[in-house]
Amino acid sequence: MTYDCIVVGAGFAGVSAARILARRNYRVLLLEARDRIGGRAFTLPISTRLGFPVELGCMAIHGYDWGNPVRTLCEQLSLSTTPAPSGSPELYVADKGPVDSDLAKKLRDCLLKSTPTNSTAAADTLSDAEEQQMYAALARMSEYGPGIPSSDIASKWMTYSAGVAYSSGRDGFVQGGYGRLLQALLDDAGSGLDTRLASEVISFNKRDTAVEVSTKDGQIFKARTALCTMPIGVLKSALHKNSSFFSPPLPHSSLDALSRISVGNLEKVALIYDKPWWPSEPAAFQILHLKKQVPLLVIPIGPRSGAAKAGLLVLVHFSLLTDDLRSPQHLHETIARTLVPHLNTIPQPSETFSSDWATDPFSLGAATSPCTLSTSSTPLDFTTFSRPPVNWEGTLGFAGEGVECFHRGSVPGAIISGEREGTRIAAFLDAQRSLL
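Residue numbers run consecutively from 1 along every chain, following the written order of its sequence. Only residues with pLDDT of at least 70 get local features here, since the model is predicted, and only at 80 or more are side-chain atom pairs given and counted; chain-wide, interface and lining totals rely on the full set of residues. Only hydrogens and water are removed before side-chain values are computed, so all heavy atoms of the structure are retained for them.

Asks: Requested: an account of the packing of aromatic side chains, with residues and values cited.
Replies: Put simply, two rings from Phe, Tyr or Trp (the six-membered ring, in Trp's case) pair if the centres are within 6.5 Å, and we call them stacked under 30 degrees between planes, edge-to-face over 60, tilted for the rest. Summed over the entire model, instances satisfying the criterion amount to 10 aromatic pairs. Between Y273 and W277, the ring centres sit 5.6 Å apart and the planes meet at 85°, which makes this aromatic pair edge-to-face. Each member of the pair, Y273 as well as W277, is classed as buried. Members of the aromatic cluster, connected to one another through ring pairs, are F204, F245, F246, F385 and F398. It is R36 that lies over the ring of F42; its NZ or CZ is 3.8 Å from the centre. Positioned over the ring face of Y64 is R71, at 3.9 Å from the centre of the ring. Note on classification: 1.4 Å probe, protein chains only; a residue is buried when its accessible area is under 20% of the maximum for its type, exposed when over 50%, partly exposed between these limits. Geometrically, a lysine NZ or arginine CZ counts as sitting over a ring once it is within 6 Å of the ring centre and also within 35 degrees of the ring normal.

Printed below as a string of structure tokens:
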């Protein structure tokens, strides 16, 4: 069977594009290397049993009141969303306990006065060495989103991806998790969509009358067009291993742009307990680990009191990827000693779950980072790589959070790019049909 379009990757970009094409009555094949849909959006299956979502990938609707397309899609698909609780996370020092409220305000005021190129500019107002250490650890919260050292971020390009990518204002959540939205998008695509999991793509080849997409298990699929939504890290790896991954090869301008786009890392660890033991307020905790000079962001999930199961979702800084502190047991012990030092016995987690986006062969990183000094990248690189290769004559396209200049590294970026390419390919197919 020859399809109208083969979409590679069933994350938000691929699903969004496939939905547009299928609803236009085009025959679409959606290929996904994993045994599940979602890519780096991963609501754990145990969420249904627990009664609350456990997200190891994306989890928040940033810019909830600022037009984030996630909220709009949820409204269109009759899915509920909810705003995140207001207020700043409560500040703690690892193994010592809460930070005095006046000092916490002082530290955060210093951060507001710092600059992208000098995060320590305001720290001279801090009185002693420990306060300086606390500030240095807290300042690294700004590295969670980019997933790379702040010293490597090209600050002059930050407005292209920070504050623009729906990151202003309060956050929100999809009730039930992002997995519900992905499934709803697939269901809304209708019967014209053929989805196949565990289908790792190993090559794209342009023939005279079709594009051939080959998979690792030996299958060759044909279509009039193809859309690649593979993560940037995976694409780079594939091209490094096989220079003929795309045949004909991508133009030098595309390959040069791709080489300058970097990928950051952020991992999550979910600790599930038989009942909550931590303070019922606030909505999150920032734990400053002075020895490691990093912060831990700890977000309670599920019930905040009572006897029902609940959990703690820990965001792990990229500098801890090979550190013992990253292990669920070490995190549990550090959090317990810090939040409730007066308790002699803290129940062990009944279940733990960890992401591994950095080494997962189908992600090789959490998301693309901002433009970096080390690669001399600019926002134009995202745009250049997003353009259909001229030598493929409109039959090949790219989408994903890594090819969206203004919303890089975000769910909106994935959705916007997927919808853009889905619409472009539909117009291409419409034009081809009119010539028949």
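Don't stop here, the text continues.
Asks: Please provide a residue-by-residue account of the pattern of salt bridges, values included.
Replies: By salt bridge we mean one thing: a side-chain nitrogen of Lys or Arg within 4 Å of a carboxyl oxygen of Asp or Glu. Scanning all chains against the criterion turns up 27 salt bridges. R71 is the salt-bridge partner of E75, the closest N and O atoms lying 3.8 Å from each other. Separated by four residues within a single helix, E75 and R71 lie in helix α3 (residues 69-76), roughly one turn from each other. Look at E75 and you get exposed, because its relative accessible area is 54%. Per the convention used, a helix needs a DSSP run of H or I reaching at least four residues, while a strand needs a run of E reaching at least two, with both numbered from the N terminus.

Asks: Tell me about the packing of helix α4 (residues 101-113) against helix α5 (residues 129-139), and name the residues and values.
Replies: Comment: axis = line fitted to C-alpha atoms, over the contacting stretch for helices; angle = value between 0 and 180 degrees taken between N-to-C directions. Two numbers describe how α4 lies on α5: the axes approach to 10 Å, and their chain directions differ by 55°. It follows that α4 is oblique to α5 by the angle criterion. Regarding α4 and α5, the two cross each other, and that crossing is right-handed. Touching L103, K106, L107, R108, C110 and L111 of α4 are E131, M134, Y135, L138 and A139, all from α5. Amino acids are sorted into nonpolar (Ala, Val, Leu, Ile, Met, Phe, Trp, Tyr, Cys and Pro), charged (Asp, Glu, Lys and Arg) and polar (every other residue, Gly among them). In the contact of α4 with α5, the residues fall into eight nonpolar, no polar and three charged. By definition in this entry, angles of less than 35 degrees are roughly parallel, angles greater than 145 are roughly antiparallel, angles of 65 to 115 are roughly perpendicular, and the rest are oblique. Each helix crossing is assigned a hand: it is left-handed if the near helix lies turned anticlockwise from the far helix by less than a right angle, otherwise right-handed if that turn is clockwise. By definition, residues are in contact when any of their heavy atoms lie within 4.5 Å.

Asks: Describe in detail the state of the cysteines, supporting the description with residues and values.
Replies: Cysteine sulfur pairs qualify as disulfides if the two atoms are within 2.5 Å. Within this structure, the stated rule accounts for zero disulfides. With no disulfide of its own, C228 has C5 as its nearest cysteine by sulfur position, at a separation of 11 Å.

Asks: Tell me what's going on with the sheet that holds strand β4 (residues 90-93), and back it up with residues and numbers.
Replies: Pairing between strands requires that DSSP locate at least two bridges from one strand to the other. With mixed pairing, the seven strands of this open sheet are ordered in space as β5-β4-β14-β15-β16-β13-β17. Strand pairing shows two members of the sheet lacking a second neighbour, β5 (97-98) and β17 (351-354), which therefore form its edges. Where β4 meets strand β14 (residues 285-289), four bridges bridge the pair, whose relative direction is parallel. Bridge pairing in β14 places V93 opposite L288. Here helix α9 (residues 328-339) sits on the sheet and contacts β4, β5, β13 (267-273), β14, β15 (294-301), β16 (310-316) and β17; the angle it forms with β13, its principal contact strand, is near 70°.

Asks: Residue-level account of the nonpolar core, with values.
Replies: Counting residues in each nonpolar core, the largest one holds 40 residues, and the members touching the most others are F12, L21, V70, Y178, L181 and L193. At the level of elements, β1 (2-8), α1 (12-23), β2 (28-31), α3, α6 (178-189) and α11 (411-435) are the ones that each hand at least two residues to this core. Take the buried residues of types Ala, Val, Leu, Ile, Met, Phe, Trp, Tyr and Cys, join any two whose side-chain atoms come within 4.5 Å, and each joined set is a nonpolar core.

Asks: Please give an account of α3 that cites residues and values.
Replies: Taken together, the buried positions of α3 are P69, V70, L73 and C74. What you see down the axis of α3 is that its buried residues fit within an arc of 140°, all on one side. Opposite the packed face of α3, turned more than 90 degrees from it, sit the exposed residues E75 and Q76. Looking at the buried residues of α3, the elements they touch are α1, β3 (81-83), β6 (172-174), α6 and α11. By the N-cap criterion, in which a side-chain oxygen at the helix start approaches the backbone nitrogen of a residue two or three places on, α3 is capped by N68, the distance to V70 being 2.9 Å. Of the residues trailing α3, S78 is marked for its positive phi of about 60°. Relevant arc is that of directions from the helix axis to the C-beta atoms, nothing else. Whenever a nitrogen or oxygen atom comes within 3.5 Å of another N or O atom, the pair is scored as a polar contact, on the condition that within protein one atom can donate a hydrogen and the other can accept it, and that pairs from neighbouring residues in sequence are kept only if both atoms are in side chains.

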